[in-house]
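# Reading the structure
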Amino acid sequence: MERRLDAILSSFAGQEHELIPILQQVQRELGYLPREAMLEVAQFAGVPESRVYAVATFYAQFRFTPIGRKHVMVCRGTSCHVRGAPRILEEIERQLSIKEGETTPDLSHSLETVACIGACGLSPCIMINNKVEAKLTPKKVAVLLRKAGDDD
Amino acid sequence: MTRSFENLRQRAQVEWKASQDDGKPRILVGTATCGRSAGAIEVLEALQRESRNRGLDCPVVEVGCIGLCYAEPIVAIFKPSRPGIVYGNVNAPRAARLIERYLLRDDPLAAEALGTLGPESVEGIPRLQDTPVMRHQVRRILRNCGFIDPAKIDHYLAHGGYSGFTKALALDTAEIIEEIKKAGLRGRGGAGFPAWRKWQFTREAKGAKKYVVCNGSEGDPGTFSNKLLLESDPHSVLEGMLIAALAMGADEGYVYCPAQYSLALERLRTALLQMREYGLLGEGILGSSFNFRIEIKEGAGAYICGEETALLECIEGKRGVPRLRPPFPPTAGLWNLPTAIHNVETLACAAAILQNGAPWFAELGTAKSKGTKLFCLSGSVQRGGVIEVPFGTTLHEMIYAIGGGAADGEELKAVQTGGPGGGYLPPGLWDTPVDQDSLLAFGSSTGSGGVVAVDRRSCAVDLARNSLDFARRECCGQCVPCRLGTRQLFDILVDIAEGRGRPQDMELLVELSEGIKRGSLCGLGQTAPNALLSTIRYFPDEYRAHIGQRRCPAGVCRMANSSQLSRTA
Ligand SMILES: Cc1cc2nc3c(=O)[nH]c(=O)nc-3n(C[C@H](O)[C@H](O)[C@H](O)COP(=O)(O)O)c2cc1C
Ligand code: FES
């Protein structure tokens, strides 16, 4: 991790206002923000560790534990909600045997809900690793998760 | 303006024209996010493969989105001496069939077509502009979306792109602002503040440096039009930034765009490279004394960062917590320097105004809201998507004439406008002409243009609970009325939804709401109770059924067995 972190930091100047882009880059590389990485970032940006932690915990994008290889984000926005999102979430929770905010013990899947994916015209939708899956039904979800599990 | 830019423009126009008249067929595939989630990339590949296998010399071009989400993936086929034909719901097998039947033989497969482009029709296929979904729309801000390749600055130039900016370069700054004033342009991000005043304040403010910030946060659930613009015509937004910066004397700009809008970010990055290459960014732009650079800031997932001062905090690398105002950003914004913040669509409007003139813009709209507005139709409608209509269009026209009415043969019961801070309006109010002020009297707003249709399968209490769930999660935590208040409202709504409501709860909700609206520091808390208040106002019987009879008329809420209250107060 040390080396990968150094490589990331070397593309920044070490200024306070770069904090968020730095953390985003770290998470892109490592998948989440390990404690040691945040300590290092604090030193690099010349801010107290508490500042890094305060900023990182404020934004929904940042995570402090590893996520699954398939990260599922379920939209709970208005359009998706009125088109059956609660049933989609239930079905996914049932299929994966985890709840919102959790990761399966084998790290194959993690589940999160988000405010809106921005594909509301095709609701209800979810995102699996950055790909939007639209016009879902509980049936389609079952098929999707099986498929998503296959190509690991 | 330099000679060389004029040459670039002419070359772009000549090349565009040549590509239209070269006697070859051409295929466009909409590959913006909506298209992709419906399978547009598979369709693109199928079209490329099939035309190669069939020995056709036929370019297959990726374009943005024309806003007809319901019909994605969308393909347009241009055959020489025929109008372009738009096809909807295409998949790989149908794509292959289109090539076989229309390009190789001459059967346009009329039954699968949505319409033709331009003034002519083809037997059995209406003109797209005459179809119900398009007839009521006026495509001005969306003019290029779905027709040009958003990754090519030349396509934008060939359609009048950057002519607004080159015109502005020849004006003095007061004249540019006067043009925006005459157009009557008001902000599209929600508050509807007159753009010219913001420009004037920023221009007059003292500061060693000034900034223009493009707000692409688009956090309201049920909105996706900023994303569509950034993905489908990014230069139209960036041209607006150039014009604003020129008018205000700013030399640095930021585009704030959520990290999850990955395609929009990619298109923005490409566009900025091209602007640099064409001399539209940097020092001494197009031979003038105007310097400007633009940086992209990726949002990290916080709704509150759509609020302009929280957005500034985020760019500065801090927690995105709104600032106390005044001072307002035009006097003290980014790093305390004068800053003008505008929504994506407002900036695209500014570019269109300079390109076409203020009278052209102001000829549409209502007395106090000029021009057209993008609305995002979603929820229970047959034809969801992004539409562009003049201000003054009614919700009824949007939902029925354009949207085709409720999905699944249902009956509609409410429409949410104004995003999470707006309200749910009942059918009786759908004939109100919608502008930037008209819905306020009914406890809602136009906001950034979300229009979510709700049918009888939804429950008013559950809708309010969903809105307050959003508010309590997205509250930044800074001020007490919003932080504790939204949580209390949510808990009471959970109690009601689960059959633990008490007779005095409706009154309690209203009273609490008024306090939160008055006591909150920013727009989030000030508008968070609106969804709840509107459902109590227009659907009181549903609340009474939950509270008095432990019954959910829509059959959505599940009554709990426990009588343990969620609320603490
Ligand atoms: C809680 C909250 C969220 C907001 N979210 C957005 C947003 O996502 N996009 C936006 O353009 N404006 C948003 N605004 C409005 C901005 O504060 C600001 O008024 C707007 O960006 C100004 O641009 P305009 O004048 O072009 O509309 C939000 C305001 C509040 C209070
Ligand atoms: S409401 Fe679900 S994608 Fe927007």
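Residues numbered from 1 in each chain as written. Chains lettered and ligands numbered in written order. Predicted model: local features only at pLDDT ≥ 70, side-chain atom pairs only at ≥ 80, totals over all residues. Heavy atoms only, no water.

### Here we look at the overall build of chain A
When you go through chain A residue by residue, the secondary structure sums to seven helices and four strands. Of the regular secondary structure in chain A, the N- to C-terminal order runs α-α-α-α-β-α-α-β-β-β-α. Reported as C-alpha extents along the three principal axes, the dimensions of chain A are approximately 50 × 30 × 25 Å. With 152 residues in all, chain A has 56% of them scored as buried. Within chain A, contacts between residues separated by at least 24 positions form 62% of all contacts whose residues are at least 6 apart in sequence. Approximately 7200 Å² of chain A is accessible, and the part contributed by carbon and sulfur atoms is 51%. (Helix = DSSP H or I, 4+ residues; strand = E, 2+ residues; numbered from the N terminus. Buried < 20%, exposed > 50% of the residue type's maximum accessible area, 1.4 Å probe, protein only. Contact = heavy atoms within 4.5 Å. Areas by Shrake-Rupley, 256 points an atom, 1.4 Å probe, with all protein chains shown as cover.)

### Topic: the sheet that holds strand β3 (residues 126-128) of chain A
Residues and elements named next belong to chain A. Here we have four strands laid out as an open sheet, ordered β2-β1-β3-β4, and mixed in their pairing. Two strands bound the open sheet, and with one partner strand each, they are β2 (109-114) and β4 (131-133). Here the strands of the sheet are splayed against their neighbours by 25° on average, with no regard to which way each runs. Seen against the sheet, helix α6 (residues 85-96) touches β1 (70-75), β2 and β3 and runs at an angle of roughly 165° to β2. (Pairing = 2+ DSSP bridges. Axes fitted to C-alpha atoms, helices over the stretch in contact; angles between N-to-C directions.)

### Thoughts on the sheet that holds strand β5 (residues 113-116) of chain B
All names here are of chain B. One open sheet holds the five strands; their spatial order is β2-β1-β3-β4-β5, and the pairing between them is mixed. The sheet terminates laterally at β2 (60-63) and β5, the two strands that pair on one side only. For this sheet the average axis-to-axis angle between neighbouring strands, irrespective of direction, equals 25°. Taken together, the three bridges between strand β4 (residues 85-87) and β5 define a ladder with antiparallel strand orientation. Among the inter-strand pairings, I85 is bridged to a residue of β5, identified as T116.

### Digging into the packing of helix α10 (residues 225-232) of chain B against helix α11 (residues 234-248) of chain B
Each pair of packed helices can be described by the angle between their axes along with the distance between the axes. Residue and element names in this part refer to chain B. Look at α10 against α11: their axes get within 5 Å of each other, and the N-to-C directions meet at 95°. As far as their axial angle goes, α11 and α10 are roughly perpendicular. In this structure, α10 uses L229, L230, E231 and S232 to contact α11, whose residues at the interface are P234, S236 and V237. The residue inventory of the contact of α10 with α11, partitioned by class, reads four nonpolar, two polar and one charged. (Parallel < 35°, antiparallel > 145°, perpendicular 65-115°, else oblique. Nonpolar A, V, L, I, M, F, W, Y, C, P; charged D, E, K, R; others polar.)

### Some words on the site of ligand 1
Residues and elements named next belong to chain B. Surveying the vicinity of ligand 1 reveals 18 residues, the closest of which are G189, N215, H342, N343 and T346. Within the backbone of G189, an N or O atom sits 2.7 Å from an oxygen atom of ligand 1. Here an oxygen atom of ligand 1 and a backbone polar atom of I341 are 3.5 Å apart. Surface burial for ligand 1 is 89%, taken as the share of its 610 Å² of free accessible area covered by protein chains. Within the residue set of the shell around ligand 1, elements represented by two or more residues are β9 (339-343) and α20 (523-527). Residue composition of the shell around ligand 1, by class: three nonpolar, 10 polar and five charged. (Near = heavy atom within 4 Å. Polar contact = N/O pair within 3.5 Å; in protein donor to acceptor, adjacent residues only side chain to side chain.)

### Quick notes on the interface of chain A and chain B
Of the residues lining the interface, 39 residues belong to chain A; the matching set on chain B comes to 54 residues. Note on chain A versus chain B: buried area summed over both sides is about 3400 Å², and carbon and sulfur give 52% of it. Scanning the region where chain A abuts chain B turns up four salt bridges. At the junction of chain A and chain B, the tally comes to 18 residue pairs in polar contact (both at pLDDT 80 or more). Here the side of chain A that touches chain B is built from residues that sort into 19 nonpolar, 12 polar and eight charged. (Buried area = accessible area lost by both parts, 1.4 Å probe. Salt bridge = Lys/Arg side-chain N within 4 Å of Asp/Glu carboxyl O.)

### Things to note about the packing of helix α3 (residues 35-45) of chain A against helix α4 (residues 49-58) of chain A
All names here are of chain A. Packing of α3 against α4 leaves a shortest axis separation of 8 Å and a crossing angle of 120°. The angle between the axes of α3 and α4 places the two elements in the oblique class. Seen from above, α3 lies across α4 with right-handed handedness. Judged by residue contacts, M38, L39 and A42 of α3 engage E49, V52, Y53 and A56 from α4. Class assignment of the residues belonging to the contact of α3 with α4 gives a composition of six nonpolar, no polar and one charged. (Left-handed = near helix turned anticlockwise from the far one by under 90°.)

### A short note on the domain arrangement of chain A
Domain annotation of chain A identifies domain 1 (2-58) and domain 2 (70-150). Relative to domain 2 of chain A, the C-alpha centre of domain 1 of chain A lies at a distance of 29 Å. (Domains from an automatic or database assignment.)

### What about the environment of A:E49?
Residues and elements named next belong to chain A. Along the polypeptide, E49 turns up in helix α4. Each C-alpha atom of the pair E49 and H109 lies 31 Å from the other, and the pair is 60 residues apart in sequence. Excluding its chain neighbours within four sequence positions, the residues that come into contact with E49 are L39 and A42.

### A short note on the domain arrangement of chain B
Residues and elements named next belong to chain B. Taken domain by domain, chain B consists of domain 1 (3-135), domain 2 (153-362), domain 3 (372-455) and domain 4 (461-548). Distance between the C-alpha centres of domain 3 and domain 4: 22 Å. Taken together, the contact between domain 3 and domain 4 spans 15 residues of the former and 13 residues of the latter. Here domain 3 meets domain 4 over a buried area of about 1100 Å², counting both sides, of which 59% is carbon and sulfur. Among the residues of domain 3 in contact with domain 4, K413, P420 and Y424 are the three that bury the most area, contributing 50% of the side total. Run the count over domain 3 and domain 4 and you get one salt bridge. Between E542 and K413 there is a salt bridge, with the nearest N and O atoms lying 2.7 Å from each other. Summed over the shared surface of domain 3 and domain 4, the result is six residue pairs in polar contact (both at pLDDT 80 or more). For the side of domain 3 that touches domain 4, the element with the highest residue contribution is strand β12 (residues 412-417), accounting for three residues. When the residues that make up the side of domain 3 that touches domain 4 are grouped by side-chain class, the tally is nine nonpolar, five polar and one charged.

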